[in-house]
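# Chain and residue survey
So you can see what is in the structure, the chains are spelled out below.
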Amino acid sequence: MKFMKLGSKPDTFQSDGNNARYVASELATDITVTVGDVKFYLHKFPLLSKSAYLQKLAASGNEENNDEIQISDIPGGPVAFEICAKFCYGMTVTLNAFNVVAARCAAEYLGMHETIEKGNLIYKIDVFLNSSIFHSWKDSIIVLQTTKSMLPLSEELKVVGLCIDAIATKACIDVSKVDWSYTYNRRKVPEENGNDLNCNGFRNRPVPKDWWVEDLCELEIDLYKRVIMNIKTKGILSHEVIGEALKAYSYRRLPGFSKGVIRSGDVIKYRSTVDAIVWLLPAEKGSVSCSFLLKLLKAAIIVDLGEMAQEQLVRRIGQQLEEASVNDLSIRAADGEDVVYDVDTVQKIVKEFLMQDQNAEFESEDNEVQEIRRPGILTDASKLMVAKLIDAYLAEIAKDPNLPMSKFVDLAELVSCISRPSHDGLYRAIDMYLKEHPGISKSERKRICKLMDCKKLSVDACMHAVQNERLPLRVVVQVLFFEQVRATASSGSSTPDLPRGLKDLNIGSHGSSRSAATHPEEDWDAVATAEELKALKGEIAALRMSNGIGGSERNGGDSRNSVDKVAISKMKGLLKSKRIFSKIWSSKGAQGENSGSDSSESLGSANPEEAKSTPSRNRRHSVS
């Protein structure tokens, strides 16, 4: 803390205990100055010799009452006036970072300029500010804080601007010139606990580039914004350091921000803080983490910052989405809504991510929109990370019993264009949704299950799926088939192509000549009982022991076709024996005219030989 003592005489202002101040002197006082509720009994000559304002008041007063002056609006009140009065008397005045602004403003109010007397108070205070206060990091911050109560005069006197520039300049100096004594809110480091701070290299400890960010968190948002703007204008510090400063301020000044919420309080105050932080964000990608941006978006939604700011954050988040976690994306829905999560906002973020790979467009001179072909800027790794992230997010929002299936499906389909080797995460999300929404229709169950590819389920996922009573039969049959084909394929590293019959089963009745009038879809989309699942699994697992598959494994290149044909033949025999599939096989005649399939691998074929000799029967037995 820097101090300045003015004058050489000891302080002799005394108080009578009744809000009265007077000077211990043999001379009787001849003027009374009332400041607020405090009366100062003083002498005219010392005051009028240094204050133009008091001269004017004394001259304009009437002769009967010119020894009483009322000053009600002096900056700093009685305390600041007392400093000025002591200086007039030549008493010792102590200035520091806490009172110097009030003293400067009071001196300006009283007109204590050099034109009245050389070496007057204003001159001495300005020298103190420039030679001492603005050279101290700590004092500059303290003084800047005190200027707020002295507005607008402190702004007019340029004290605010000088403080801001002093702080910004020090924040931008080379770290090699920074001593730890600059900071006064720093966290304790192990070396500080020792007896000798010079020992073990405390003072030689490397100073980080963001050494100043915690100290500036003491400032209110309006002053903080101006300091950061000044720092950015200098163009010396990196955008990562600026981002770290904004992060530190957000965590300090927004209660609950670290958890993605804003505690109840002054909403207008928090809104201005969030707005300033969004406005101050460096334009460079990666200047702040995606997690921080999502917390900022959550705060912006809570304080109702406005669409423009929220859209800006959505764009920024979309550019870094691969860095996010499920917890980051868990944006709560607005109060009063039935759903738990704001899925619409997440959809916008995913769209922004995917838009980075779209072709840019520009308008030529003849006003024709042309397209610039350019390679996608998204890497396969970042796409895969986002796909896995959304799979996990879908599993989280699926727990919401009020979540409409359309929101779930729309979000899942957004990332369906991203190829990923495993659909286990998507299967978990689908299973969770089926578990939490048992009342959905067969068609809805079919639609949501079509999101995943059974060929991309791991062994563990397949084991779970074949025992899952929430899945439609079509899905269980596909999982069982691929599980056994994968186990018996000679290469052991790739999955055979989906047979035509199972393709038809997967496609269903969409967009082909297979009419829904035959109604087999309803049976396929029904769920199986535990006993039926066990029977299906047992029968198809027996394929591994069959001579047909064993031979195919030994026949090299013909193994896949043999496996497919035997598997279909076995499944067809099994399905015909089950009660739940009786409608499928009893409608053979009606289905024949409508089927467009001529595949010998259709589920309708009793065996491969029959399929080759009677293609029309094969068509009748195809399952759409």
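Cut-offs and rules
Residues numbered from 1 in each chain as written. Predicted model: local features only at pLDDT ≥ 70, side-chain atom pairs only at ≥ 80, totals over all residues. Heavy atoms only, no water. Helix = DSSP H or I, 4+ residues; strand = E, 2+ residues; numbered from the N terminus. Buried < 20%, exposed > 50% of the residue type's maximum accessible area, 1.4 Å probe, protein only. Contact = heavy atoms within 4.5 Å. Salt bridge = Lys/Arg side-chain N within 4 Å of Asp/Glu carboxyl O. Pairing = 2+ DSSP bridges. Axes fitted to C-alpha atoms, helices over the stretch in contact; angles between N-to-C directions. Expected span 1.5 Å × (residues − 1). Parallel < 35°, antiparallel > 145°, perpendicular 65-115°, else oblique. Left-handed = near helix turned anticlockwise from the far one by under 90°. Nonpolar A, V, L, I, M, F, W, Y, C, P; charged D, E, K, R; others polar. Phe/Tyr/Trp six-rings, centres within 6.5 Å; stacked < 30°, edge-to-face > 60°. Lys NZ or Arg CZ within 6 Å of the ring centre and 35° of its normal. Core = buried A, V, L, I, M, F, W, Y, C linked by side-chain atoms within 4.5 Å. pLDDT = per-residue confidence, 0-100. Polar contact = N/O pair within 3.5 Å; in protein donor to acceptor, adjacent residues only side chain to side chain. Lys, Arg positive; Asp, Glu negative; His and termini not counted.

### So, the overall build of the protein chain
Within the protein chain, the regular secondary structure consists of 31 helices and 9 strands. The proportion of buried residues among the 624 residues of the protein chain is 47%. Long-range contacts, defined as pairs at least 24 residues apart, comprise 70% of the intrachain contacts of the protein chain with a sequence gap of at least 6.

### Describing the pattern of salt bridges
Using the criterion set out here, one finds 15 salt bridges in the structure. Close ionic contact of Arg 252 with Glu 218 constitutes a salt bridge, the shortest N to O distance being 2.8 Å. Here the residue Arg 252 occupies a position in helix H11 (residues 239–253), and Glu 218 occupies one in the loop between helix H9 (213–216) and helix H10 (221–234), the gap between them amounting to 34 residues. By relative accessible area, Arg 252 is classed as partly exposed at 37%. It is possible to trace a salt-bridge network through shared partners that takes in Arg 21, Glu 82 and Lys 86.

### A short note on the sheet that holds strand E2 (residues 13–15)
The sheet built from 5 strands is open, its strands ordered E2-E3-E5-E4-E6 with mixed pairing. Strands at the two margins of the open sheet, each flanked by one partner only, are E2 and strand E6 (68–71). Taken over all neighbouring pairs, the strand axes of this sheet differ in orientation by 25 degrees on average, direction set aside. For strand E4 (residues 31–35) and E6, the ladder comprises 4 bridges, and the chain directions are parallel. Within the sheet, the bridge partner assigned to Thr 32 lies in E6 and is Glu 68. Seen against the sheet, helix H3 (residues 77–89) touches E2, strand E3 (20–23), E4, strand E5 (38–42) and E6 and runs at an angle of roughly 10 degrees to E5.

### Points about helix H13 (residues 290–302)
Between the first and last C-alpha of H13 there are 18 Å, a value that for 13 residues agrees with the 18 Å anticipated at 1.5 Å per step. Burial analysis of H13 places 10 of its 13 residues in the buried class, which makes it a mostly covered element. Cys 290, Phe 292, Leu 293, Leu 294, Lys 295, Leu 296, Leu 297, Lys 298, Ala 299 and Ala 300 are the residues of H13 that are buried. Positive phi appears at Asp 304, one or two residues downstream of H13, with a value of about 55 degrees.

### Examining the packing of helix H4 (residues 100–110) against helix H5 (residues 121–131)
Packing of H4 against H5 leaves a shortest axis separation of 9 Å and a crossing angle of 150 degrees. Here H4 lies roughly antiparallel to H5, going by the angle between them. Our pair here, H4 against H5, has a crossing hand that is left-handed. Residues Val 100, Ala 103, Arg 104, Ala 107 and Glu 108 of H4 form the contact with H5, whose participating residues are Leu 121, Ile 122, Ile 125, Asp 126, Phe 128 and Leu 129. Looking at the contact of H4 with H5, its residues break down into 8 nonpolar, no polar and 3 charged.

### Quick look at the pairing of E5
The side-chain alternation of E5 yields one buried face, formed by Val 38, Phe 40 and Leu 42, and one unburied face, formed by Lys 39 and Tyr 41. Across 3 bridges, E3 lies against E5 in parallel orientation. Considered in E5, the bridge of Arg 21 is made with Phe 40. Here E4 pairs with E5 via 5 bridges, running antiparallel.

### Regarding the packing of helix H12 (residues 267–280) against H13
Viewed as axis vectors pointing N to C, H12 and H13 meet at an angle of 140 degrees, and their least axial separation amounts to 10 Å. Regarding the angle of H12 to H13, the classification is oblique. The chirality of how H12 crosses H13 is left-handed. Facing Val 274, Ile 277 and Val 278 of H12, the residues of H13 in contact are Phe 292, Leu 296, Ala 299 and Ala 300. Taken together, the residues of the contact of H12 with H13 break down into 7 nonpolar, no polar and no charged.

### Comments concerning the environment of Leu 47
In this fold, Leu 47 is placed in helix H1 (residues 44–48). Leu 47 sits in the buried class, given a relative accessible area of 1%. Along the chain, Leu 47 and Met 112 lie 65 residues apart, while their C-alpha atoms are 9.9 Å from each other. For Leu 47, the residues in contact, after removing those within four places along its chain, are Ile 31, Val 33, Leu 42, Leu 54, Ala 85, Cys 88 and Tyr 89.

### Some points on the packing of aromatic side chains
For the structure shown, the criterion picks out 7 aromatic pairs. Geometrically, the ring pair formed by Tyr 224 and Tyr 249 is stacked, given 3.9 Å between the ring centres and 20 degrees between the ring planes. Linking Tyr 224 in helix H10 with Tyr 249 in helix H11, this pair joins segments that are 25 residues apart in sequence. Put simply, the rings of Tyr 251, Phe 257 and Phe 292 pair up and form one aromatic cluster. We note Lys 225 situated over the ring of Trp 279; from NZ or CZ to the ring centre the distance is 4.5 Å. One residue, Arg 332, lies across the ring of Tyr 341, its end atom 5.5 Å from the ring centre.

### Remarks on the nonpolar core
Where a protein is soluble and globular, its nonpolar side chains tend to be buried together. With 160 residues, the main nonpolar core has Leu 42, Trp 212, Leu 216 and Phe 408 as its most contacted residues. Non-local contacts of Phe 408, meaning those with residues more than four positions away in its chain, are made with Leu 394, Ala 398, Leu 403, Ala 429, Ile 430, Tyr 433, Ile 448 and Leu 451.

### Brief notes about the confidence of the model for the protein chain
Counting all residues, the mean pLDDT for the protein chain is 77, and 68% of those residues have values of 70 or more. Ranking the elements of the protein chain by mean pLDDT puts helix H31 (residues 615–620) last with 35 and H4 first with 97. Across residues 490–496 the pLDDT falls below 50, and counting only partners more than four positions away or on other chains, this stretch makes 11 contacts in the model. Throughout residues 498–503 the model reports pLDDT below 50, and contacts reaching past four residues in sequence, or to other chains, amount to 21 contacts.

### Notes on helix H16 (residues 343–355)
Given 3.6 residues to a turn, an α-helix orients residues that are three or four positions apart in the same direction. Here H16 contains 13 residues, and its C-alpha end-to-end distance of 18 Å stays within 8% of the 18 Å for a straight helix at 1.5 Å per residue. Listing the buried residues of H16 in full gives Val 343, Thr 345, Val 346, Gln 347, Ile 349, Val 350, Phe 353 and Leu 354. Of the surrounding secondary structure, the elements contacted by the buried residues of H16 are H13, helix H14 (307–319), helix H15 (326–329), helix H17 (380–397) and helix H18 (405–414). Capping the start of H16 is the job of one residue whose side-chain oxygen sits 3.5 Å from the backbone nitrogen of Asp 344: Asp 342.

### A closer look at the side chain of Thr 345
Relative to the helices and strands, Thr 345 is located in helix H16. Relative accessible area serves as the criterion here: at 11%, Thr 345 is assigned to the buried category. Sequence-distant contacts of Thr 345, defined by excluding residues within four places in its chain, comprise Leu 297, Val 314 and Ile 331.

### As for the side chain of Arg 316
Tracing the sequence through the fold places Arg 316 in helix H14. Buried within the structure, Arg 316 lacks any salt-bridge partner; Glu 284 is the closest side chain of opposite charge, at an N-O distance of 6.8 Å. Ignoring sequence-local partners within four residues, the contact set of Arg 316 consists of Leu 281, Pro 282, Ala 283, Glu 284, Ser 287, Val 288 and Leu 293.

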